[in-house]
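# Commentary on secondary and tertiary structure
Here is what each chain is made of, one letter per residue.
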Amino acid sequence: MNIYYLYIPELEKNSLIASYTDNKDFMSEKRLLEYAAGRFLVKTVAKIFYAIEDEIVLNNKKPEFKNKDIEFSLSHSKDYVVAVFDDKPCGIDIEYIKDRDFSHIGKRYNEIFTTREDFYKFWTQKESEIKLPNCAKKNSFVFKKNYMISVASFDRNMEVPKCINLIKYI
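Because the structure is a prediction, the values reported are computed rather than measured. (Residues numbered from 1 in each chain as written. Predicted model: local features only at pLDDT ≥ 70, side-chain atom pairs only at ≥ 80, totals over all residues. Heavy atoms only, no water.)

### Looking at the packing of helix 1 (residues 13-20) against helix 2 (residues 29-50)
- Where helix 1 meets helix 2, the closest approach of the two axes is 9 Å, and the angle between their N-to-C directions is 75 degrees. Judged by the angle between their axes, helix 1 and helix 2 are roughly perpendicular. Contacts from Lys-13, Leu-16, Ile-17 and Tyr-20 in helix 1 reach Leu-32, Leu-33, Tyr-35, Ala-36, Ala-37, Arg-39, Phe-40, Lys-43 and Thr-44 in helix 2.
- Split into classes, the residues belonging to the contact of helix 1 with helix 2 amount to 9 nonpolar, 1 polar and 3 charged. (Axes fitted to C-alpha atoms, helices over the stretch in contact; angles between N-to-C directions. Helix = DSSP H or I, 4+ residues; strand = E, 2+ residues; numbered from the N terminus. Parallel < 35°, antiparallel > 145°, perpendicular 65-115°, else oblique. Contact = heavy atoms within 4.5 Å. Nonpolar A, V, L, I, M, F, W, Y, C, P; charged D, E, K, R; others polar.)

Structure representation (structure tokens):
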């Protein structure tokens, strides 16, 4: 299992949007850029690290490769887009850690959060698990001091994966 990430502000936005949006309509430029950066990340990682050039299709609103040579999951928050790749199904979520009122979510899920990190660990684990129902393992870690990432896997021995910045490979 490997996690790859891109720092969106470093990308050339116009060519990225032109190449990776498939002429889709989006409600905001921010969402358009997140979509394009995600597709760019997945297609580039697949080509460079796994020698796969395959079409991305949606299966129950979840992106996957048409020929399913490898599994991936994708998430974005604020300035980063992340993707996890594995030979087994996987899920990932990233959230920017900021101050907010967690009490309503705590009540909804019958949870008590004592710190921001507690809340974001819980929330990213929930989100990664939605992408991989009935997963055996969830792992969370703080990324770049301001982000929480959680990964869901069926691998019971999963350790926190190493993050690889794709920019240095391009």
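### Observations concerning the pairing of strand 7 (residues 137-143)
- Sheet topology places strand 7 next to strand 8 (residues 147-153); 7 bridges connect them, and they run antiparallel. When the bridges of strand 8 are listed, Asn-139 appears paired with Val-151.
- Counting the residues in the hairpin turn of strand 7 and strand 8 gives 3 residues, including Lys-144, whose phi is positive at 55 degrees. (Pairing = 2+ DSSP bridges.)

### Topic: the sheet that holds strand 6 (residues 90-96)
- On the basis of which strands lie adjacent, the open sheet formed by 3 strands has the order 6-8-7 and antiparallel pairing. Two strands close off the open sheet at either side, each with one partner strand: strand 6 and strand 7. Neighbour to neighbour, the strand axes of the sheet diverge by 15 degrees on average, direction disregarded.
- In terms of strand pairing, strand 6 meets strand 8 through 7 bridges, oriented antiparallel. Bridge pairing in strand 8 places Gly-91 opposite Ala-152.
- Against the sheet, helix 4 (residues 116-130) makes contact with strand 6, strand 7 and strand 8, and its axis sits at roughly 35 degrees relative to strand 8, the strand it touches most.

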